[in-house]
Structure formats: C-alpha cells, structure tokens
Amino acid sequence: MKHLNALLITLVLVLSTSCSKDDNNDQQEIQNFQSTCENASGPTGIYWDYAKGRAVPLTQIPTIANPGGQFIHSQYPALGFQMPAGFTGQEVYIPQTQTIGVNVIRNDNNVIWRYIPSSSFVGNVQINDVIASEMNGMFAFYGFNGNFDLLCTETLPQEIAGFTRVFGARLIRFGDKTALVWAIVMFEPTLNVTFTSVSVSVAPTAEFDSQVMNTYLPISFQLLVIDNGVRDSDLDGTPDNQDNFPFDPTRQ
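## A few points about the nonpolar core
Piece 1. Among the nonpolar cores identified, the biggest contains 42 residues, and Tyr-47, Phe-81, Trp-113 and Leu-217 are the most heavily contacted of them.
Piece 2. Elements represented by at least two residues in this core include exactly α3 (42-51), β2 (80-84), β4 (99-106), β5 (112-122), β6 (149-160), β7 (163-174), β8 (177-188) and α5 (208-222).
Piece 3. Excluding its chain neighbours within four sequence positions, the residues that come into contact with Tyr-47 are Trp-113, Leu-180, Ser-201, Phe-208, Val-212, Tyr-216 and Leu-217.
Piece 4. The next biggest cluster of nonpolar side chains, apart from the first, holds 20 residues, and it includes Ile-116, Met-138, Val-166 and Val-200.

## With respect to the packing of α3 against α5
Piece 1. Orientation of α3 relative to α5, taken along the N-to-C sense of each, is 35°, at an axis distance of 8 Å. Between α3 and α5 lies a crossing of left-handed hand. Across from Pro-43, Thr-44, Ile-46, Tyr-47 and Tyr-50 in α3, the residues of α5 making contact are Phe-208, Asp-209, Val-212, Met-213, Tyr-216, Leu-217, Ser-220 and Phe-221.
Piece 2. Along the lines of polarity and charge, the residues of the contact of α3 with α5 split into 10 nonpolar, two polar and one charged.

## What to know about the packing of aromatic side chains
The description of an aromatic ring pair rests on the distance of the ring centres and on the angle between the ring planes.
Piece 1. Evaluation of the coordinates by the stated rule reveals 15 aromatic pairs.
Piece 2. With centroids separated by 5.7 Å and ring planes inclined at 35°, the aromatic side chains of Phe-139 and Phe-148 adopt a geometry described as tilted.
Piece 3. Site record: aromatic cluster; members linked through ring pairs are Phe-139, Phe-141, Tyr-142, Phe-144, Phe-148 and Phe-174.
Piece 4. Here the guanidinium or amino end of Lys-177 rests over the ring plane of Tyr-142, the centre of that ring lying 4.6 Å away.

What counts and how
Residues numbered from 1 in each chain as written. Predicted model: local features only at pLDDT ≥ 70, side-chain atom pairs only at ≥ 80, totals over all residues. Heavy atoms only, no water. Core = buried A, V, L, I, M, F, W, Y, C linked by side-chain atoms within 4.5 Å. Buried < 20%, exposed > 50% of the residue type's maximum accessible area, 1.4 Å probe, protein only. Helix = DSSP H or I, 4+ residues; strand = E, 2+ residues; numbered from the N terminus. Contact = heavy atoms within 4.5 Å. Axes fitted to C-alpha atoms, helices over the stretch in contact; angles between N-to-C directions. Left-handed = near helix turned anticlockwise from the far one by under 90°. Nonpolar A, V, L, I, M, F, W, Y, C, P; charged D, E, K, R; others polar. Phe/Tyr/Trp six-rings, centres within 6.5 Å; stacked < 30°, edge-to-face > 60°. Lys NZ or Arg CZ within 6 Å of the ring centre and 35° of its normal.

Honestly, it's all geometry; don't read function into it.
This is the structure in structure tokens:
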C-alpha cells in the first residue's frame, strides 16, 4: 500500500495549492476565469487548471449543495466521501493490478466522476497509453465510435525521489458531452513497475460547468485533509463554519 500512499500524498500536494483565500467564492471571477488553455474558461477552465495543480480563484472550499449517499471503499476506507443526491458509487477493486477506485455515476448515466488513485502494472507504461485506455473505456460506455475534438492537452514529466513522474491531461468534446481525463504515472525501475492514478469527469457539454462546481470539485476536495471548520457535519450542504446549527440538517 506504500505506492498508494505516495500517489495520494502527491495528489494532496498538487490539489492543495488551488485554494489560497478565505472569503466567499467570487462568481463573476469564476465565470470570467481564463485557464492556461485558451479553449477552457469559466468553471471548465478552473477544473482544467485545478487538475494541473495551479492556483485558481476558489476562495471557499466547494461543498455538496444537495447531499446524497456516502461512499466508502471496502479495501481502502480513506477513499470515502459524500455524493450529491441522484448519484451512486460503484467500487472498483482489481487485486491482480492492486487497483482501487470508484465510479460515481448519476442515475441517468449522463454524468460520471471516475477516480482510480492506485493501480500497478509490470513494465514502463507510458502516459499516453493510460489516457487512451481511459478514453476508450469512456467511449465504449457511451457507445461512441466517432471523432472527438481535443480542446486542451498537457504532458508534464518530473523527477521525484527517484521516480519518474509524468502527469498528462486531455480535455475533449465528443458527441454532446465534454470530458476531462487526467493521469499520473510513476515508474520504479528497480521493481520494473509503473504505478498509476487516473481520473475521468464527463457530463453533457451544456451541464459540464455546473457539474464542475456542484459535483467534481466538491467530491475532490473531500479527499483532501481539511480543517474541521469547513466540514459539513449534518450533511445539509452548508459548511460547519457557516452553519448556526452544524448538527441539525433542518436548520442552518
């Protein structure tokens, strides 16, 4: 489980740089935000830069506005979070590749948040192959076999503590949907093993911005180590530090 912890620590370090202020989110600033990719602006642009670990104009930790069920992974309870209403969590566990993850799917199948924080494969697996595998799986789920538009792409190699770490991301549009797919691969030469972490977020293009703010970011931030002051103890969608009755879901 050491490689899973290493990947999660890397994720925390990457994502925790994204919030840097203390006051409420400025909706106008969010809508006007232009990311490092010219084809991604507004909430979509924020999500693109957030995936890359860049600072974004979130001045408040996003929380679930319409609380639904809880997901807790049976093999790794640290992978646990609250989902919005109307979503279900499907556990992913493949012992042969030490794969641990979750697929969070809206009841109509049109919105998905997929997160696989840990898998391991023999050999030096390339970042493009990992991303292609996730994209092909997504296309197969939706029965899509046409052409897609590549809106943004990024590949960032880095040396960390003897590992070769490569981050890759693709923002694409296919049919009536938009998807952000990112992956991290870390190759350990003495073991001849590649450890991977991947995420897929897909929704109808007309809904993608709203899903970023109401689903993808709120779930992602729950996986970070956060101060108790921003927890939502009664699951009513209002953080404890803004809730006059933090343990009563009928009052705020």
